Amino acid sequence: MLKFRQKAAEIFENAEPNISIVGLFATIGYPLFYVVWKDIMPQPYESLEIRLLEAVISLPWLFYHFLPKKFKDIFPVYFLLSVPFMIPVFFDFFFIKNEFSMTWAMSCMGGLFLLILIVYDWRLICLMSLFGFVFAYLAVWIMDGKVLFTYFKWEYIPTFLFALVGGLITNHRKQVAHITKISLLRSLSGSIAHEMRNPLSSITNAIASVQASLPKKPEIEREKESYDISHSSLTSIHHVIEESSNTLNRANKIIDSILTSMQGGEVAMTGFMRNSSAVLIDAVVSSFPYNDPSERKLIKITKTDNFDFLGDRDLFFYVIFNLLKNALYYKDKPGFGIEIMTDSLENENIIRVRDTGPGIPAIKREMVFESFYTDKKGGFGLGLSFCRRVIQSFGGKISCDSLEGEWTEFSISLPKYKSKSVNEIKNKILRKKKVLIADDQLGNRLIVAKYLSEMNCQFDQAEDGNQALAMISENRYDLIFMDFEMPMLNGDHVVKLIRSAQEIDPSLALHYLQAPVVGITALPAAEAAARGKSSGMNEVLSKPVKRPEIINVIEKYFFSEAAAIDNTQEEAIQGKRILLVDDNKTSRKFMSMVLHQYGCFTEQALNGREAIELLEKEDFDLVLMDIQMPVMDGIEAAKAIRSGKPFRRFNNFSHIPIIALTGNTDEQSTHDIRLAGMNYHLGKPVFKDELISAIAVMLKQDNTGVKSMSKEQSQESQMTEQSFWNLLKTEKILDHSTINGLKEIGGEELVGSLFETYIVDTEKMTAELFEAFAKKDIEQFDYLTHTIKGSSGSIGANKMHVLSKYLNDFARKAKWPDSTSWEKILREVFEETVQQLQSYVRVEK
């Protein structure tokens, strides 16, 4: 069934541009031609009933673009099932019923060409044609008890075969040309991205070089101190540099988003947050790259109502930038102007961008949103297409209205921030977030876990500081709730360790320099605040934690622009020797100036071969290595360094940290980088703070080799699949200590409610789990096993917890369970768990 749906979607994707036209032809044409063949050009047989039935079948085709989303999702299947009856069966039936007349032979030929037009797969075309004739033949034979060949001609057979083969060849060539074009565009997109990033990188480097040469940004309190330039001028310079860096970062993000869109991917939601329409529109208009200062005077902002919306700030900038750029193309028209208006209605918020340009003809107002459509010289037709995708990802719509010769208005409708559609987007985002709850008190963990479950967040639980540190070292958590006072290791000490970036995988260590950590404690407020600040926590909540506080934390750190933690790394890199390897002089100069400002010593190499020669001559603490270089590229150089073959003196070849610098950050490129032996990679353009943090983290790592496994880890890795299933049989179905803990917190009523919710939710999730396995959707499989693991552990379903943890361990490694019997075992364990939970509740009552 899954393969059938995938094939249906593939076929429908090709037919979609013509679907409404064909639907219109069938809905109106089939009944209309009854009059033609019945009265104007009479045929031996006609049937209005059959034609009306075909018209009804074609109605969903006609109104496809207006169907609700849930019907659109299943429409490809309906399309594939209805095509044979709408075209080959219909035409063949009347052909045979009219005793193979010449008129219907020509009609069948037209139907064949229509079938080839909308179904590009030659196998399906042949199969549908054969099915249509056989079905129609049997239908006539059943109805009449015979089939008459009164007007049949043997010439029909070669004619039909020639038309079929010729049509298939033509359609195949057209399809190959289309696929080649798309493949070429996708292939070129990577090259375009790299070529665009290189100048962006050079500009970034130049800006950072200027910033490195300037004094540090002065504090407001020190405004009376003397400088070679005035305080306001120096502050303005830093402001310009910061804004330029933000602009470049935004440009880099837009490049990634457009390329992802061209390659069929969804708009990334990682940067979605709550935004003020008034603030963003002012920022867009003030930062737009005008060709002439007079252009700014052409724009008027009318704010009827300010409102908040959920979306990506940078992508919103792109949308308004694009609309302004398109409008300013006609700035030379007498009386030209642009007005940006905001309005908050009862059910939606509106942003209108109106210009007094030449207008757009009615027939083109929807076409402007199609990919590669443009009517302007030098345009590529990607802008408005991508704008629509962006606004749709915000849960909104963008449309065009115009009065030719007078004005054009683009309307952006966005849902209310507290609307159902925004909550659905938030839930989609939160499903991908992972939270760690570290507290030695089960009750406190369960309270926070309950609130997080209500918001669809994935979560793990740690019972003490050591366990929390171990889990943080292996997993990327987007938010951490950390108790202060815990056995073995206090929570604030754990936070100090992760903020110091020691003994953690580099990619995780960089993440945890700024990842939000919220302290939870019963300590006095003053003491808690002081300890939280000194350890690097973002804020502290008092126990017992309440639902509104958790909601505010989620909103603050996942959907708002939270302040960064002051986590300087200067001491870690001061006095270190860094080897810079890059064929771009500007890049080397930028990195050298920045590193000198932080007290580093640097040497430079133009390619991998020069880098190897310098490593043999001198000692270095770290290597920064570009990937694409002449003579010897970064991948070759890294492999050569790790092999140790080029060296006689240098003996730290297997341990020296190597950070790759690359313009290509796709999955294959990063895989090649890791395979070459590099420790980490930074995507171009590289920004100063990112560079310093990465170097500091790498220098803090223990690079003396692979750490040996603990005895427990070794035994666990050696555990065979059969031994796990044997151990699972000995596991208790319920953990009564956890259940008793729940009773102490909320009594029997809470326990009964939790059990009931758990049974309903887990039954649904196990069904989804089996479906994810069938579809080979490893991401969904990971999410579901992780969720079942967490909820099972929280309510004391011990055996389900152990089993789902085993399955989740596979998913985290992007692997599927080895055994084919896990589905059966999961069903059995869940049934046992349900029986005991229900039995427990009955006994307590």
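Residues numbered from 1 in each chain as written. Predicted model: local features only at pLDDT ≥ 70, side-chain atom pairs only at ≥ 80, totals over all residues. Heavy atoms only, no water.

Draft legend 1. View of the overall build of the chain. Secondary structure summary: the chain contains 31 helices and 17 strands in total. Residue burial in the chain is summarised as follows: out of 845 residues, 48% are buried. Sequence separation of 24 or more characterises 71% of the internal contacts of the chain that already satisfy a separation of 6 or more. (Helix = DSSP H or I, 4+ residues; strand = E, 2+ residues; numbered from the N terminus. Buried < 20%, exposed > 50% of the residue type's maximum accessible area, 1.4 Å probe, protein only. Contact = heavy atoms within 4.5 Å.)

Draft legend 2. Representation of the nonpolar core in the model. Leu-452, Phe-481 and Ile-554 are the most contacted members of the largest nonpolar core, which totals 70 residues. Looking at this core, the element that brings in the most residues is helix α11 (residues 313-328), giving 11 residues. Excluding its chain neighbours within four sequence positions, the residues that come into contact with Ile-554 are Leu-430, Leu-452, Met-455, Cys-457, Leu-479 and Phe-559. (Core = buried A, V, L, I, M, F, W, Y, C linked by side-chain atoms within 4.5 Å.)

Draft legend 3. Region of the structure containing the packing of helix α14 (residues 442-454) against helix α19 (residues 547-558). Where α14 contacts α19, the two axes come as close as 10 Å, and the packing angle between them is 55°. As summarised for this structure, α14 and α19 are arranged oblique, according to the angle between their axes. For the pair α14 and α19, the sense of crossing is right-handed. Every residue of α19 that contacts α14 at Val-448, Lys-450, Tyr-451, Leu-452 and Glu-454 is listed here: Arg-547, Ile-550 and Ile-554. In terms of residue class, the contact of α14 with α19 is built from five nonpolar, no polar and three charged. (Axes fitted to C-alpha atoms, helices over the stretch in contact; angles between N-to-C directions. Parallel < 35°, antiparallel > 145°, perpendicular 65-115°, else oblique. Left-handed = near helix turned anticlockwise from the far one by under 90°. Nonpolar A, V, L, I, M, F, W, Y, C, P; charged D, E, K, R; others polar.)

Draft legend 4. Broad picture of the pattern of salt bridges. Tallied over the entire structure, the rule returns 24 salt bridges. Between Arg-531 and Glu-527 there is a salt bridge; the shortest N-O distance is 3.5 Å. Of this pair, Arg-531 and Glu-527 both sit in helix α18 (residues 525-535), four residues apart, which is roughly one turn of the helix. For Glu-527, a relative accessible area of 36% translates into the label partly exposed. Several salt bridges converge on common partners, so that one network encompasses Glu-485, Asp-492, Glu-527 and Arg-531. (Salt bridge = Lys/Arg side-chain N within 4 Å of Asp/Glu carboxyl O.)

Draft legend 5. View of the sheet that holds strand β6 (residues 397-403). One open sheet holds the five strands; their spatial order is β2-β4-β5-β7-β6, and the pairing between them is mixed. Edge positions in the open sheet fall to β2 (299-303) and β6, since each of these has one partner strand only. In this sheet, adjacent strand axes meet at a mean angle of 15° when their direction is disregarded. As defined by bridge partners, β2 adjoins strand β4 (residues 338-344) across five bridges and the pair is classed as parallel. Its bridge partner being in β4, Lys-300 is matched across the sheet by Glu-339. Across the sheet, helix α10 (residues 277-287) touches β2, β4 and β5 (348-355), and the angle it forms with β2 is around 175°. (Pairing = 2+ DSSP bridges.)

Draft legend 6. Up close: the sheet that holds strand β12 (residues 539-542). Strand order in this open sheet of five strands is β9-β8-β10-β11-β12, and the pairing throughout is parallel. At either end of the open sheet lies a strand with only one pairing partner, and these are β9 (458-462) and β12. The sheet shows a mean angle of 20° between the axes of neighbouring strands, taken without regard to direction. Examined bridge by bridge, strand β11 (residues 517-521) and β12 share four bridges and lie parallel to one another. Its bridge partner being in β12, Ile-520 is matched across the sheet by Leu-541. Contacts from α19 reach β10 (479-483), β11 and β12, with the element oriented near 135° to β10.

Draft legend 7. Representation of helix α13 (residues 420-430) within the structure. Burial in α13 covers these residues: Val-422, Ile-425, Lys-426, Ile-429 and Leu-430. Along the long axis of α13, the arc covered by the buried residues comes to 135°, so they all point the same way. Check the buried side of α13 and you find it contacts β1 (272-276), β3 (308-312), α12 (383-393), β7 (407-415), β9 and α19. (Arc of directions from axis to C-beta.)

Draft legend 8. Here's a closer look at a nonpolar patch on the surface. A grouping of Leu-130, Phe-133, Val-134, Leu-138, Trp-141 and Ile-142 is seen on the molecular surface, where their side chains present a nonpolar patch of about 610 Å² in accessible area. Locating Ile-142 in the fold gives a position in helix α7 (residues 122-144). Residue Ile-142 is classed as exposed on the basis of its relative accessible area of 65%. (Patch = residues over 30% accessible without salt bridge, like charges linked within 9 Å, V, L, I, M, F, W, Y side chains within 5 Å. Areas by Shrake-Rupley, 256 points an atom, 1.4 Å probe, with all protein chains shown as cover.)

Draft legend 9. Region of interest: helix α22 (residues 608-617). All of the buried residues in α22 are Gly-608, Ala-611, Ile-612, Leu-614 and Leu-615. Viewed along the axis of α22, the buried residues span an arc of 165°, placing them on a single side of the element. In this fold, the buried residues of α22 make contact with β13 (577-581), β14 (601-605), β15 (622-626) and α23 (634-643). Capping the start of α22, Asn-607 holds a side-chain oxygen 3.0 Å from the backbone nitrogen of Arg-609, two or three residues further along. (Polar contact = N/O pair within 3.5 Å; in protein donor to acceptor, adjacent residues only side chain to side chain.)

Draft legend 10. Region of interest: the side chain of Ser-791. Locating Ser-791 in the fold gives a position in helix α29 (residues 778-795). Looking at Ser-791, its side chain comes within polar contact range of the main-chain oxygen of Ile-788, at 3.2 Å. If near-sequence neighbours (up to four positions away) are discounted, Ser-791 is found in contact with Tyr-758 and Met-765.

Draft legend 11. Looking closely at the packing of aromatic side chains. Under the definition given, this model contains 50 aromatic pairs. With 6.1 Å between their ring centres and 50° between their planes, Trp-37 and Trp-104 make a pair best called tilted. Residue Trp-37 is located in helix α2 (residues 19-40), and its partner Trp-104 is located in helix α6 (residues 102-118); the two are separated by 67 residues in the primary sequence. A network of ring pairs unites the aromatic residues Phe-25, Tyr-30, Phe-33, Trp-37, Tyr-45, Phe-90, Phe-91, Phe-93, Phe-94 and Trp-104 as a single cluster. Residue placement shows Lys-72 over the ring face of Tyr-64; its charged tip is 5.3 Å from the ring centre. For Arg-274, the ring lying beneath its charged end belongs to Tyr-417, and the centroid distance is 4.1 Å. (Phe/Tyr/Trp six-rings, centres within 6.5 Å; stacked < 30°, edge-to-face > 60°. Lys NZ or Arg CZ within 6 Å of the ring centre and 35° of its normal.)

Draft legend 12. The arrangement of the pairing of β1 in detail. Of all five residues in β1, four are buried; the element is thus mostly enclosed. Sheet analysis places β1 next to β3, joined by five bridges and oriented antiparallel. Note on β3: the bridge partner recorded for Met-273 is Gly-311.

Draft legend 13. Structural context of the packing of α2 against α6. Running from N to C, α2 and α6 point in directions that differ by 175°, and their axes come no closer than 14 Å. As far as their axial angle goes, α6 and α2 are roughly antiparallel. When α2 is examined against α6, the residues Val-22, Phe-25 and Trp-37 are found in contact with a partner set consisting of Thr-103, Trp-104, Ser-107, Leu-114 and Ile-118. Class assignment for the residues of the contact of α2 with α6 results in six nonpolar, two polar and no charged.

Draft legend 14. Structural context of unusual backbone geometry. For the peptide bond that leads from Lys-543 to Pro-544, omega is -5°, which places it in the cis range. Position of Pro-544 relative to the elements: it lies in the loop between β12 and α19. Backbone geometry places Glu-99, a non-glycine residue, at a positive phi of 60°. Locating Glu-99 in the fold gives a position in the loop between α5 (88-97) and α6. The backbone of Lys-776 shows a phi angle near 60°, a positive value even though the residue is not glycine. Position of Lys-776 relative to the elements: it lies in the loop between α28 (736-775) and α29.

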